[in-house]
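Residues per chain are reported as follows:
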Amino acid sequence: MTAIEPESFGPPAAAIDNLVTGNVDGGGPSRGAIPGRARSERAIRVGAYAAMTAISLLFFIPFLWTVSTSLKTLPETAYFSLLPNHWSLQAYHDVWTKYDFARYIENSAGLSVAITLITLVVAGLGGYAFARLRFPGREILFFGVLATLMVPDQLRLVPVYEMLVKWHLINTYTGYVLIKLGLATSLFLMRQYFLTIPKDLEEAAKLDGAGYFKTFWRVMLPLAGPALAAVTILEFQGAWNDFFWASLLLQTPDHYTVQLGLAQFVFQYHTEWPKLMAASVIAILPIVAVYLVFQRYFVAGVASAGVKG
Amino acid sequence: MRRVLLTFLVLAIAAVVATTAAQARPHRTAAGPSGNVVLSGWASSGSEFDFLTNVVQDFEKKYPNIHVTYQPINGNYPQAMLARFASHTPPDVFYVDSSVAPDWMAAGVLQPLNSYFSKFHFSTKPFFPRLLSGFTYKGQVYGLPKDWSPLAMEINTSMLQKAGVGVPTTWPALIAAAKRMQVTNAVPGGAPICLSADWARLLPFVYQAGGSFLNKAGTAPVLNTPAAKKAINFYVGLATSGLARTPDQLGSGWCGEALGKQKAAIIFEGNWALPYMHDTFPTVSYATYAMPHGRARGDLGFTTSYSMAKDSKNKAAAWTLLSYLTGAQGMKKWTDQGLALPSRSDVPPAAGRSVLIKEAPYSRAWSFFPGFSDVYTVMNNDLTAVFQGKKDVQGMINDIQAATVKALKK
Amino acid sequence: MSAEAYRVRGGRPGRAREALVGYAFVLAPMAVFGVFFLFPIGYAIYISRYNWGVYGSQGSVGWHNYGWVLHDPIFWRSMRNIGEYTAWVVPAQMALGLFMAVIVNQKIKARTFFRSAFYFPSIASSAAITTIAIFILNADGLLNKALSLVGYDHHTPWFYTTTTAMPTIAGLNAWTTSGTMMLFYLASLQAIPNDVYEAAAIDGAGRWRTFWKVTFPLLKPGHFFVAVVSILGAVKLYDQAFIVSGGTGGPDYATLTPVLLLVQEAVQNIRFGYAAAMGVILLAFMVVLTLAQRLLFGRSEAA
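Residues numbered from 1 in each chain as written. Chains lettered and ligands numbered in written order. Predicted model: local features only at pLDDT ≥ 70, side-chain atom pairs only at ≥ 80, totals over all residues.

## Section: the overall build of chain B
This is how it is decided: Numbering of helices and strands runs from the N terminus; a helix is a DSSP stretch of H or I covering at least four residues, while a strand is a stretch of E covering at least two. Note on burial: count the other C-beta atoms lying within 10 Å of the residue's C-beta; 20 or more is buried, 12 or fewer is exposed, in between is partly exposed, and C-beta positions come from the backbone. Note on contacts: residues are paired as contacts if their backbone-placed C-beta atoms lie within 7 Å.
Of the regular secondary structure elements, chain B holds 17 helices and 13 strands. Dimensions of chain B, computed from the C-alpha atoms along their principal axes, are close to 90 × 45 × 45 Å. Going through the 410 residues of chain B one by one, you find that 52% of them count as buried. Looking at chain B alone, contacts between residues at least 24 apart form 73% of all its contacts between residues at least 6 apart.

## Points about the overall build of chain A
The helix and strand inventory of chain A stands at 15 helices and zero strands. Across the 309 residues of chain A, 48% fall into the buried class. A separation threshold of at least 6 residues defines the contact pool for chain A, and within that pool the share at least 24 residues apart is 71%.

## Concerning the pairing of strand 2 (residues 66–70) of chain B
Residue and element names in this part refer to chain B. Cut-off, in case you're wondering: By this definition, two strands are paired if DSSP reports at least two bridges between them. Here a crossover is taken to be right-handed if, once the strands point away from the viewer, the path from the first strand over the helix to the second is traced clockwise.
As defined by bridge partners, strand 1 (residues 35–40) adjoins strand 2 across five bridges and the pair is classed as parallel. Bridged to Gly35 within strand 2 is Ile66. For the handedness criterion, the β-α-β arrangement of strand 1, helix 2 (residues 46–62) and strand 2 is classed as right-handed.

## Re helix 8 (residues 165–190) of chain C
Each turn of an α-helix holds 3.6 residues, which means side chains three or four residues apart point in the same direction. Residues and elements named next belong to chain C. What counts is decided by this rule: One less than the residue count of a helix, multiplied by 1.5 Å, gives the span that helix is expected to have. For a residue, the bend is simply the angle between two axes, fitted respectively to the seven-residue segment ending there and the seven-residue segment starting there.
Taking 1.5 Å per residue, 26 residues should reach 38 Å; helix 8 reaches 37 Å between its end C-alpha atoms and fits that length. The sharpest bend along helix 8 reaches about 40° and sits at Ser178. Helix 8 sits mainly inside the fold: 22 of its 26 residues count as buried.

## Description of the interface of chain B and chain A
Using the following cut-off: Each residue is assigned to one class: nonpolar for Ala, Val, Leu, Ile, Met, Phe, Trp, Tyr, Cys and Pro, charged for Asp, Glu, Lys and Arg, and polar for all the others, Gly among them.
Contact residues are listed per partner, giving 26 residues for chain B and 20 residues for chain A. Contributions of two or more residues to the side of chain B that touches chain A are made by helix 3 (77–86), helix 11 (255–260) and helix 12 (273–280) of chain B. With four residues, the top contributor of residues to the side of chain B that touches chain A is helix 3 of chain B. A per-class count over the side of chain B that touches chain A returns ten nonpolar, twelve polar and four charged.

## Some remarks on the interface of chain A and chain C
With 79 residues of chain A in contact, the opposing surface of chain C contributes 75 residues. Looking at the side of chain A that touches chain C, the elements that each hand over two or more residues are helix 1 (11–20), helix 2 (35–70), helix 5 (101–132), helix 6 (138–147), helix 7 (153–166), helix 9 (184–196), helix 12 (225–241) and helix 15 (273–306) of chain A. Top element by residues in the side of chain A that touches chain C is helix 15 of chain A. It accounts for ten residues. For the side of chain A that touches chain C, the class distribution of residues is 54 nonpolar, 19 polar and six charged.

## Regarding the nonpolar core
The cut-off we apply is this: The term nonpolar core refers to a set of buried Ala, Val, Leu, Ile, Met, Phe, Trp, Tyr and Cys residues connected through C-beta atoms within 7 Å.
Ranked by size, the top nonpolar core spans 301 residues in total, and within it Ile193(B), Cys194(B), Val206(B), Ala264(B) and Leu321(B) carry the most contacts. Of all the elements, helix 8 of chain C adds the most residues to this core, at 13 residues. For Ala264(B), the residues in contact, after removing those within four places along its chain, are Val187(B), Gly190(B), Ala191(B), Ile193(B), Cys194(B), Leu250(B), Cys255(B), Ala258(B) and Leu259(B).

## Re the domain arrangement of chain A
All names here are of chain A. Formally: For the domain bounds, the source is a domain assignment made automatically or taken from a database.
When its domains are assigned, chain A resolves into domain 1 (29–89) and domain 2 (94–308). Here the C-alpha centroids of domain 1 and domain 2 sit 32 Å apart. With eight residues of domain 1 in contact, the opposing surface of domain 2 contributes seven residues. Of all the elements in the fold, those that place two or more residues in the side of domain 1 that touches domain 2 are helix 2 and helix 3 (74–77). A per-element tally of the side of domain 1 that touches domain 2 places helix 2 first, with four residues. Partitioning the side of domain 1 that touches domain 2 into residue classes produces two nonpolar, five polar and one charged.

## What about the confidence of the model for chain B?
All names here are of chain B. Short version of the rule: Per-residue confidence from the predictor is given as pLDDT, running between 0 and 100.
On average, residues of chain B score 90 in pLDDT, and 92% of them are at 70 or above. A low-confidence stretch, residues 1–13 stays under pLDDT 50, and its non-local contacts, those more than four residues away or across chains, total zero contacts. The ipTM assigned to the predicted complex is 0.82, against a pTM of 0.85.

## Let's talk about unusual backbone geometry
All names here are of chain C. Residues Gly250 and Pro251 are joined by a peptide bond in cis, for which omega reads 0°. One non-glycine residue with positive phi stands out, namely Tyr253, at about 65°. The residue Tyr253 is located in the loop between helix 12 (239–245) and helix 13 (258–268) in this model. In this structure, Ile270 is a non-glycine residue whose phi angle is positive, near 50°. Its location among the elements puts Ile270 in the loop between helix 13 and helix 14 (272–297).

## A few points about the sheet that holds strand 11 (residues 286–289) of chain B
Residue and element names in this part refer to chain B. Formally: Structural elements are reduced to axes, namely lines fitted to C-alpha atoms, with helices fitted over the stretch in contact, and the angle between N-to-C directions of any two is expressed from 0 to 180 degrees.
Taken together, the five strands give an open sheet; going across it, the order is 9-8-10-7-11, and neighbouring strands pair in mixed fashion. With one partner strand each, in any of the chains shown, strand 9 (244–245) and strand 11 form the two edges of the open sheet. Inspection of the sheet shows strand 7 (residues 152–156) paired to strand 11 by four bridges, in the antiparallel sense. Note that in strand 11 the partner of Ile155 across the bridge is Ala287. Contacts between helix 8 (residues 171–183) and the sheet are confined to strand 8 (191–194) and strand 10 (264–269), with strand 8 contributing the most and set at about 140° to the helix.

## Topic: the packing of helix 9 (residues 194–202) of chain C against helix 10 (residues 207–218) of chain C
All names here are of chain C. For the record, the criterion: Should an angle lie under 35 degrees it is considered roughly parallel, over 145 roughly antiparallel, and from 65 to 115 roughly perpendicular; all remaining angles are considered oblique. The hand of a helix crossing depends on one turn: near helix anticlockwise from the far one by less than a right angle means left-handed, and clockwise means right-handed.
Two elements in contact, helix 9 and helix 10, have axes separated by 11 Å at closest approach and are oriented at 155°. Comparing the axis directions of helix 9 and helix 10 gives the class roughly antiparallel. Helix-helix and strand crossings are classified by hand; for helix 9 and helix 10 the assignment is right-handed. Residues Val196, Tyr197 and Ala200 of helix 9 touch helix 10, and the partners they reach there are Thr210, Val214 and Leu218.

## Some words on the confidence of the model for chain A
Residue and element names in this part refer to chain A. The predicted model of chain A averages 79 in pLDDT, with 83% of residues at 70 or higher. Model confidence for chain A, summarised as mean pLDDT per element, is weakest for helix 1 at 32 and strongest for helix 8 (residues 173–179) at 95. Low pLDDT, under 50, characterises residues 1–34; the predicted model gives this stretch 63 contacts beyond four residues in sequence or across chains. Contacts from residues 300–309, a stretch scored under 50 in pLDDT, to residues over four places away or in other chains number eleven contacts.

## Looking at the packing of helix 4 (residues 73–104) of chain C against helix 8 of chain C
Angle between the axes and distance between the axes are the two parameters that describe a pair of packed helices. All names here are of chain C. Their axes nearest at 6 Å, the elements helix 4 and helix 8 cross at an angle of 40°. With respect to helix 8, the element helix 4 is oriented oblique. The crossing of helix 4 and helix 8 is right-handed.

## Here we look at the pairing of strand 7 of chain B
All names here are of chain B. Of all five residues in strand 7, five are buried; the element is thus mostly enclosed. Side chains of strand 7 alternate between two faces, with Ala152, Glu154 and Asn156 and Met153 and Ile155 buried alike. Of the pairings in the sheet, the one linking strand 7 to strand 10 comprises four bridges and is antiparallel in character. Bridge pairing in strand 10 places Ala152 opposite Glu269.

Following this line, the structure appears as structure tokens:
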């Protein structure tokens, strides 16, 4: 990246590039080496960062709003104010002591982890096969899987529900996990990523006498870090945030997930905003954690992919 | 392989023996029904959950052999209930909103109750007949109203004072009061009246004008009449003249919120507004009055029943619970604090609710025919269009008439 | 199991084995596909020919459900709505996602922070975000407060006027899903080898030029994927429309989407057969749309 001429890409990138090349303090002359230009570039750089920070703040607004509202009292939520007038942790206390959120989090975590792990294995294997192994009907089968993206859940609802009733899987974790295995996106991501990995690594493994599975497991999968991280983030989040299927399939409170728990604060004519927001803050922390952990692998994976030459 | 089969066979036999043994064990015949009953509903507020839990505890004290599991359902209630009906695992006793009752009664998911009435000498006489009729289908009763509410007129009393007008009791007086409020700027940054683009708020005015939505037999729509048109034009006129605004224009989710935020002085809502105001806007002064009248008095009654599932596994105990909750004693306990109004004439309402109860004789149930929700969707979408000047009143009436005819045909 | 099999790659035994392994590897996804997608679609087509209630069939109506759907002006209104919504949201999602991906793909200070910030709206559930958005976008909400500072003092209830409702949902969704689109684009960006850029630099191409002439065309598989995901997601719009309108699709049908209509028919009217017919028609539309898209982007991308 550094080899590319910085000036012509527009202000943010130019500023960014200078930062990378060590011009952060503005001490040395920039690559242009024209005295007056250094100052203007520095201004642009500061401006670019200010703009990006502003954009980021914009992206954080819902979360900040959530936190702020969770610290208000109910009458206060009716009026517009950025910060609470009377800071109160009452909502957090109520949410944690009067409702079984520990149980909901346990359920959500268990289900989301199960769905994510199964998807990683299945989509990994499938993605590898669709990318690298040759077998008749491969394209048609792959297109079939991809086509599932077109099917609205609401269309599948009645048939799938009747099926699960027949198999006695209503109000079971198994039924829920099965129905949430919508593999298309993950499979596609994995396949696309495997397509970009050079064939010679795999050839080498095969010459060493490794079988297909071993090649996949020992050579290909470790190289697919970024895709695995992306799949993890997407699947975990998709499972954690699901309300539609959970509300239909998980019918008793001992099976409730976090999202079903949150719905307890929304009533016909009013919403218990502070409690809802407090519970939302609690509910969002696990996904934030998953995201922060795996996006780092995402970066690490990027580095390894960079040197593959 | 043979050993596996053998083990399987032994296990299967054991299972069969165990189940038969369990079934053969005599039930405790001590005092009436026993066992577990699941009770479900939505919770319209946090206090509703606590209240019902209390009532249920009282029930269990009285009937120690019956254990009640109270499981409120969150989110989309009709959707969640349909799922439970379809899997034959519904709660035993649950809420049914009067507006979906015709669909559910026709779908055959509810238990008809007439045989229980005669068997247990349970009289339905004390229930307000117009509420009960919302849960009656082809001569069978499928639910008993657990409570109800008409619409009433809630007015911000200090704004009324500021404008220097009395409480309006007729349509012309309502317009006069609203105009006076506008002139005196009694509602700064808001509007004198909050009106929803909702036929569940407009229809009382149609009744007040002497009109109706359906004919007496309930077989045809009759909105294309001078009386109905007069009411619709009056309602729409309030909104288009600026005397009234919709909740979203007032930065609110519904008119109760607009009243609370002091963005509107006059609203037309039911008993549900009272606990809401108490919890969310404790400092706003307001009072509840009867709906204004036109040529006649008229109002809508919104009600919810307790019904029993056709698939209930323990109907005897379910009936015991249902008849307790809708009986005089249970209903008194439930409505005592004013969270809801009693649907039986032999249970006195909580203090300060007499204005609402007096609407009972003029109130018709918000319950029409299977497939009404299709019509309701047309009604409200068209009404928003009329409010926003995208459609005229006659066009809306034509759409609704057509949709109603279509829905009644099915 | 034996290494010999691989050494004869291209030979018939190796081929057969490879195919066998291939089938084994895709068995699980294909099973999910068959049981939870293919079969349900078939079943939906089956029940679409009946008057189907909570406890199953209430009599056959042949293909009439399809006729009724196709003659329902409200269905066509919902199709028009979703068409407009898609036209708004897809370009916005793609542009935003690509823009953010390019930014965080730079070697910049605090890029983890920016990456996280950009992804943040995608983290929360659509229900939570929509609820908060209603708060922010109401007549005297944060947005209107901000707009009045710059002289636009109209107190528009963004979700509740017929002309702004759908574009507002589109804006909201473009914003909340752009983080996911960024992830997809980022994966594609990182698949571009460095030497391509080096070659461009040697040719003396500027940054802007390099992006449009080199990076953008190389992202073609990424564009294809993001476009497919984005369009198919757009056509299935339900959550936000439901929450914003309270399930009615109002004001004046402005937020009525085909899936919302389908759910209304199923849940409120308990007409599962009719709803299934509507779903099948919608699915047929999407198949046509995707095939068209595939032709547009060329066959080579997905293969």
